[in-house]
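# Fold and contact review
Letter by letter, the chains look like this.
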Amino acid sequence: DTGASLTTISESEYRKISSTPLSSLKKSRFRTANGVVNIPTDMITVSVSGNQRELKVAISPDDVRLLGVDFFDGKIFTVDTENASVYMVDSPVE
């Protein structure tokens, strides 16, 4: 989703990787295409194609997985639609 600023996972995916009760997590306010929502957030390690990032993720009650632009922060990336792949390298420091 090109409009997603924050990486989002579903509650069921979160429960697979964390024993922290959702009710104990801080809720954050998000503006979505369907309006404003308050949903839990937590810090987790997100791994995609060998690239790992420690990110604050939104935990949605819906069955959704969105890789936000936060995952790509500080990276140069290329989207290969023909091969359904994303390639990333560190952005040079100037």
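Residues numbered from 1 in each chain as written. Predicted model: local features only at pLDDT ≥ 70, side-chain atom pairs only at ≥ 80, totals over all residues. Heavy atoms only, no water.

Its place among the elements puts asparagine 51 in strand β4 (residues 51-60). As for asparagine 51 and methionine 88, which are separated by 37 residues in sequence, their C-alpha atoms are 8.0 Å apart. Apart from residues no more than four positions distant in its own chain, asparagine 51 is found in contact with Val46, Phe71 and Met88. (Helix = DSSP H or I, 4+ residues; strand = E, 2+ residues; numbered from the N terminus. Contact = heavy atoms within 4.5 Å.)

Strand pairs in the sheet, formed through backbone hydrogen bonds, run parallel or antiparallel to each other. What the four strands build is an open sheet, ordered β1-β4-β3-β2; its pairing is mixed. At either margin of the open sheet sits one strand with a lone partner, and together these are β1 (8-10) and β2 (27-32). Neighbour-to-neighbour, the strand axes of this sheet turn through a mean angle of 55°, independent of strand direction. The pairing of β2 with strand β3 (residues 35-48) spans six bridges and is antiparallel. Within the sheet, the bridge partner assigned to threonine 32 lies in β3 and is glycine 35. (Pairing = 2+ DSSP bridges. Axes fitted to C-alpha atoms, helices over the stretch in contact; angles between N-to-C directions.)

Turning to the environment of valine 69, a few remarks are in order. On the secondary structure map, valine 69 appears in the loop between β4 and β5 (75-80). In sequence terms valine 69 and isoleucine 59 are 10 residues apart; their C-alpha atoms lie 16 Å from each other. Apart from the residues within four sequence positions on either side, valine 69 is in contact with Ala4 and Ser5.

Core analysis: the biggest nonpolar cluster contains 12 residues, these being Ile9, Tyr14, Leu22, Leu25, Ile44, Val46, Leu55, Val57, Ile59, Phe71, Phe72 and Met88. Secondary structure elements with two or more residues in this core: β3 and β4. Sorting elements by how many residues they give to this core places β4 first, with three residues. (Core = buried A, V, L, I, M, F, W, Y, C linked by side-chain atoms within 4.5 Å. Buried < 20%, exposed > 50% of the residue type's maximum accessible area, 1.4 Å probe, protein only.)

Scope: geometric values only; no functional claims are made or implied.
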